[in-house]
Amino acid sequence: MITVQGLTKRYGGFTAVDDVSFVARAGQVTGFLGPNGAGKTTTMRILAGLTHQDAGVATVGGHRLQDIPNPGRHVGILLDASAQHAGRTGREVLTLAAKTMGLPGSRVDEMLELVSLSDDEAKRRVRNYSLGMRQRLGIAHALMGDPQVLILDEPANGLDPAGIRWMRGLLRGYAERGGAVLLSSHLLHEVEQIADEMLVIGRGKIVAAGTKSELLASAGTFVKAVDTA
Ligand code: ATP
């Protein structure tokens, strides 16, 4: 489970994430919805330990994130980080991650199989991957350490409808096995089909939160929140 309390991040005089608090429960998919620039990526980067907050606390399984050794074993993150790996092959990217996490090389093959990347594809450099292949590789990377928590920033980007169905099935299975999934999107229809609970962020602040039915019950407020977010 992820808990976030009072998370705040400022860039100069601009507050990108403004006193954000929420819980993403184990066994559930939590959708994180908001328009471009709302603060989703910044929040997720803080949860992954890639950006430092100015205030607030984030915990995973009750432990403060900064206190967790080898966080990749606890938090799997999918960001569009392919640029930093462009010159490596898919297999090299996963092998490096396995080594960093202290996992056996056989885990690389398991992950390639899970995301349906063939041997030939795994030998190609990431710079030559399609967006969909990069997303598959990113998901393999995120799941490598069998983390308790999975954070995905716009995972549907670049996936075709079959890829999106595949990813939904994978994430549902992961949540059913007890994982907590936090998944961002700027499109309501992408989130509502998979999420048990939803958070709506606008201009750095959480403007609505609840289960899909709770949000639909207060549809007026919710629609207004999405529109103004
Ligand atoms: P998108 O879907 O477009 O990525 P987002 O909801 O993920 O949107 P963020 O990327 O978190 O939004 O950005 C939130 C705000 O913070 C934006 O106005 C962005 O310009 C600003 N911001 C993000 N990173 C930085 C940075 N390193 N320096 C300055 N401003 C930043």
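See above for the structure.
Residues numbered from 1 in each chain as written. Predicted model: local features only at pLDDT ≥ 70, side-chain atom pairs only at ≥ 80, totals over all residues. Heavy atoms only, no water.

Visitor: For this particular structure, what's the right way to read the pairing of strand 7 (residues 149-153)?
Guide: Successive side chains on a regular strand alternate, one facing one side of the sheet and the next facing the other. For strand 7, the tally of buried residues reaches five of five residues, placing the bulk of the element in the interior. Covered by surrounding structure in strand 7 are Val-149, Ile-151 and Asp-153 together with Leu-150 and Leu-152, the residues of both alternating faces. Bridge count between strand 6 (residues 75-78) and strand 7: four bridges; the pairing is parallel. Bridge pairing in strand 7 places Val-75 opposite Val-149. As judged from the five bridges shared by strand 7 and strand 8 (residues 180-185), these two strands associate in the parallel manner. Residue pairing for strand 8: Leu-150 is matched across the bridge by Val-181. With helix 6 (residues 161-176) bridging strand 7 and the parallel strand 8, this β-α-β connection has right-handed handedness. (Buried < 20%, exposed > 50% of the residue type's maximum accessible area, 1.4 Å probe, protein only. Helix = DSSP H or I, 4+ residues; strand = E, 2+ residues; numbered from the N terminus. Pairing = 2+ DSSP bridges. Right-handed = clockwise from strand over helix to strand, strands pointing away.)

Visitor: Would you mind showing me how to read the pattern of salt bridges here?
Guide: As a working rule, side chains carrying opposite charge can pair if their charged atoms are close by. Using the criterion set out here, one finds seven salt bridges in the structure. Taking the shortest distance from any N to any O, the salt bridge between Arg-91 and Asp-119 comes out at 3.5 Å. Separated by 28 residues along the polypeptide, Arg-91 in helix 2 (residues 90-100) and Asp-119 in helix 4 (residues 119-123) bring together distant segments of the chain. With a shortest N-O distance of 3.2 Å, Asp-196 and Arg-172 are connected by a salt bridge. One end of the pair, Asp-196, is in the loop between helix 7 (188-192) and strand 9 (197-202); the other, Arg-172, is in helix 6, with 24 residues separating them in the sequence. Given the relative accessible area of 25%, Arg-172 is considered partly exposed. (Salt bridge = Lys/Arg side-chain N within 4 Å of Asp/Glu carboxyl O.)

Visitor: Just to check I follow, could you spell out unusual backbone geometry for this structure?
Guide: Residues other than glycine seldom take positive phi values, yet Ser-116 does so here, at roughly 55°. As for its position among the elements, Ser-116 is in the loop between helix 3 (106-114) and helix 4. Located in the positive-phi region is Asp-146, a residue other than glycine, with phi close to 50°. Of note, Asp-146 is situated in the loop between helix 5 (131-143) and strand 7.

Visitor: Is there a simple way to think about empty space enclosed by the protein in this case?
Guide: Gaps left between atoms are located by rolling a probe of water-molecule size over the structure's atoms. Evaluation of the coordinates by the stated rule reveals one cavity of 30 Å³ or more. Lining the largest cavity are Pro-155, Ala-156, Ile-164, Met-167, Arg-168, Leu-183, Ser-184, Glu-190 and Ile-194. At the level of secondary structure, the elements contributing two or more residues to the lining of the largest cavity comprise helix 6 and strand 8. For the lining of the largest cavity, a count of residues per class yields six nonpolar, one polar and two charged. (1 Å grid on protein atoms, 1.4 Å probe; cavity = no way out; pocket = protein on both sides within 12 Å on 5 of 7 lines; lining within 4 Å. Points joined across faces, edges and corners; volume = space filled by probe spheres on them. Nonpolar A, V, L, I, M, F, W, Y, C, P; charged D, E, K, R; others polar.)

Visitor: Please clarify how the side chain of Lys-9 should be interpreted in this entry.
Guide: In this fold, Lys-9 is placed in strand 1 (residues 2-11). We note that Lys-9 is buried and unpaired, the nearest opposite charge coming from Asp-54 at a distance of 4.4 Å. Within the structure, Lys-9 has its side chain in polar contact with the backbone oxygen of His-52 (distance 3.0 Å). For Lys-9, the contacting residues outside a window of four places in its chain are Phe-14, Thr-15, Ala-16, Val-17, Thr-42, Ile-46, Thr-51, His-52, Gln-53 and Asp-54. (Lys, Arg positive; Asp, Glu negative; His and termini not counted. Polar contact = N/O pair within 3.5 Å; in protein donor to acceptor, adjacent residues only side chain to side chain. Contact = heavy atoms within 4.5 Å.)

Visitor: Where do I start with the layout of surface pockets in this structure?
Guide: Taken as a whole, the second largest pocket spans an internal volume of roughly 210 Å³. Lining of the second largest pocket is provided by 13 residues; of these, Ile-46, Gly-49, His-52, Leu-65 and Gln-66 occupy positions nearest its centre. The class makeup of the residues in the lining of the second largest pocket is eight nonpolar, five polar and no charged.

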